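Each chain, letter by letter, is given below.
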Amino acid sequence: MWSSLRDLFSYPFMVNAFRAGTIVAIVSAAMGWFMVLRRQSFAGHTLSLVGFPGAAGAILLGLSSTLGYFAFCVGAAVIIGTAPRAATRASYRDESAVIGSVQAMALAMGFLFVSLYHGNLNGLTSLLFGSFLGITSGQVVALLVIAAGALIALGLIARPVLFASVDPEIAAAAGVPVRVLGIGFIVLLGVAVAETSQITGSLLVFALLVLPPATAHVITGRPLLGIAISVVIALVVTWVSLVIAYYTPYPTGAFITTLSFCTYVAARAARWASDRSRSRGAAVAPEVAS
Amino acid sequence: MRSNQETSGASSRGDVHEGVPRAAAEQRRENAVELREAEVRFGSRVLWSGVDLNLRAGSFAAVLGPNGVGKSTLLKVILGLQPLSSGRVAVLGAAAGRARGRIGYVPQRKSFDRSLRIRGLDVVRLGLEGSRWGIPVPGARGRRVKNAVAEAVSVVGAAGYAARPVGQLSGGEQQRLVVAQALVREPELLLLDEPLDNLDLANQGAIAALVQRICRERGVTVIMVAHDVNPILPYLDEVVYLAGHAAVAGTPRDVITTETLSMLYGAPVEVLRASDGRLVVVGAPEPPAVHSDRHVP
């Protein structure tokens, strides 16, 4: 067992896959925790999908796909962030309509770009489902720099964003720039998604962005602990998936998603069971007292 | 043009005050909130105008009046979130908006989302930490924050459930935690917008008594917007009654009378006192609901 793991790490492409996977897991788990708290999963999902036409368009024009990912994800984040949104529910509805429109347009553009390119189908698969195993050391360094920047920025605005997410009205009265922070956060989310998509592909980035954070929210309401749990789940899932993928002919992304999903379902089931036993205990308690 | 004249008039009055600085300073300290000839209008529609108000520091005041008359807007003016179209406002001896850090504000609320798993304690902590940038560093400050949060939670009597997810608490429990969140900032002025809304009668009385205790023991000036004066009547020092685009302020005994309210509404209104001490205002014309903070869908 040990020697076969050593065997695994003797390949530079596996080492780079672990490095990239680790960076990507930490960034998306931390960003995702705030995204789930803010109920912006739909926005996050759209940002993920938008990377696909971005990258496809960039390849069509002969540019680097990285440029395409960032241009489209950050652009879409600005549109979604500046779309009408206030504290009231009515404008949440407006927001989801704007997001849905952006998503529909993005998918259509992606499809068009791919047909125009007449390229090989392999390229399309890696845009959508990622390519964990073809990462260069240069890409790892680039990932690390962007990830560090995004995490530092998130750390700086973390507490006001938490305040503005839990209670926008009181936060605004206390002098927190709610709207500006909302735009700042979603742009940051766009950066994280653009970065992660290059490794996981447009369809699977969302698995890392939503599943570990959603699981953490089920387990605890404490902010710092929740973010830590989210990061740990994402890391473990990514590492285990890379190892499994090494020994099987199947893609890493499929394992990442499956394992995250199983963790989420298990956490929900455990939460349901503990709530049920607690409420039953509460119902029984008066009888015991009498 | 008109507002220019108003402003210059206000500043010349300020100059007179500066002629006797000590007296002026004391005067300002005594009044937590002062409005002079205040007017709010949205476009051509005047919400209220000519409102004069002196609210003594340390008193418990209620803002009363029919729906859509601009009660919540009055709080927003005091917070500096809604500018006056004319007149002036001073809050805690400063211009409105400058004093925001010394004000605790509890907006009108529906309730926290049931699925929100953030603990009550963390909601209270946000009152102190939520407007700070950067990552919290463990240390002396962290312990001070923890103690302040625990104290605010115990003042409102929420210690028993503050560690539970706030979305799963009852309306009264959530209301106490939001009051604790405002208190943890150690405000000099507490603004509460319909905090008794959606609470059952027992909880209405309990929250009203709690707010009065905070007002008396901590010397916090409290302004509470209320739909119904009766649950808070025993605790109040002053009322501000808004109706017919104007306001009357004073003790409940002086303001909630047949004569005063008839004058305010510009229509015959009768104030009846039930045998249990409850006040009932009869015949008050409800204005057409052209503007109402309460009913935004």
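Conventions adopted
Residues numbered from 1 in each chain as written. Chains lettered and ligands numbered in written order. Predicted model: local features only at pLDDT ≥ 70, side-chain atom pairs only at ≥ 80, totals over all residues. Helix = DSSP H or I, 4+ residues; strand = E, 2+ residues; numbered from the N terminus. Buried ≥ 20, exposed ≤ 12 C-beta atoms within 10 Å, placed from the backbone. Rg over C-alpha atoms; globule rule 2.2 N^0.38 Å. Expected span 1.5 Å × (residues − 1). Contact = placed C-beta atoms within 7 Å. Nonpolar A, V, L, I, M, F, W, Y, C, P; charged D, E, K, R; others polar. Pairing = 2+ DSSP bridges. Axes fitted to C-alpha atoms, helices over the stretch in contact; angles between N-to-C directions.

## Section: the overall build of chain B
Right, so step 1: A tally of regular secondary structure across chain B gives nine helices and 12 strands.
Right, so step 2: Taking all 297 residues of chain B together, 40% fall into the buried category.

## Let's talk about the overall build of chain A
Right, so step 1: The number of helices and strands found in chain A is 11 helices and zero strands.
Right, so step 2: In sequence order, the secondary structure elements of chain A are arranged as α-α-α-α-α-α-α-α-α-α-α.
Right, so step 3: For chain A, whose C-alpha radius of gyration is 21 Å, the value lies close to the compact-globule estimate of 19 Å for 290 residues.
Right, so step 4: Within the span of chain A, comprising 290 residues, buried residues form 46% of the whole.

## Points about helix α4 (residues 65-82) of chain A
Right, so step 1: In a regular helix each residue adds 1.5 Å, so 18 residues correspond to 26 Å; α4(A) covers 26 Å between its end C-alpha atoms and thus fits that length.
Right, so step 2: For α4(A), the full list of buried residues reads A:G68, A:Y69, A:F70, A:F72, A:C73, A:V74, A:A76, A:A77, A:I80 and A:G81.

## Quick notes on the environment of A:P249
Right, so step 1: Note that A:P249 resides in the loop between α10 (223-247) and α11 (252-289).
Right, so step 2: Distance from A:P249 to A:F185, taken between C-alpha atoms, is 38 Å for residues 64 residues apart in sequence.

## So, unusual backbone geometry
Negative phi is the rule for most residues except glycine; trans is the rule for most peptide bonds.
Residue and element names in this part refer to chain B.
Right, so step 1: Even without being a glycine, L92 presents a positive backbone phi close to 50°.
Right, so step 2: Checked against the element boundaries, L92 lands in the loop between β4 (86-91) and β5 (94-95).
Right, so step 3: Taking the number of C-beta atoms within 10 Å as the measure of exposure, L92 has 23 and is therefore buried.
Right, so step 4: One non-glycine residue, H245, adopts positive backbone phi at about 65°.
Right, so step 5: Turning to its location among the elements, H245 is positioned in the loop between β9 (238-243) and β10 (246-250).

## Quick look at the interface of chain B and chain A
Right, so step 1: Contacts between the two partners involve 21 residues from chain B, matched on the other side by 22 residues from chain A.
Right, so step 2: For the side of chain B that touches chain A, the element with the most residues is helix α4 (residues 120-129) of chain B, which contributes four residues.
Right, so step 3: For the side of chain B that touches chain A, the per-class residue count stands at 12 nonpolar, three polar and six charged.

## Topic: the sheet that holds β4(B)
Two pairing modes exist for strands in a sheet, parallel and antiparallel, and in both the strands are linked by backbone hydrogen bonds.
Residue and element names in this part refer to chain B.
Right, so step 1: In spatial order, the strands read β2-β1-β4-β5; together these four strands make up an open sheet with antiparallel pairing. Two strands in the sheet have a free side with no partner beyond their single neighbour: β2 (45-56) and β5.
Right, so step 2: Pairing of strand β1 (residues 31-42) with β4 involves five bridges; the strand directions are antiparallel. What sits directly across from V33, in β4, is V91.
Right, so step 3: Helix α3 (residues 71-79) rests against β1, β2 and β4 of the sheet, and its axis sits at about 120° to β1.

## Considering the environment of A:T125
All names here are of chain A.
Right, so step 1: Residue position: T125 is located in helix α6 (residues 121-129).
Right, so step 2: Here T125 falls in the partly exposed class, since 13 other C-beta atoms lie within 10 Å of it.
Right, so step 3: Separated by 109 residues in the primary sequence, T125 and N16 place their C-alpha atoms 21 Å from one another.

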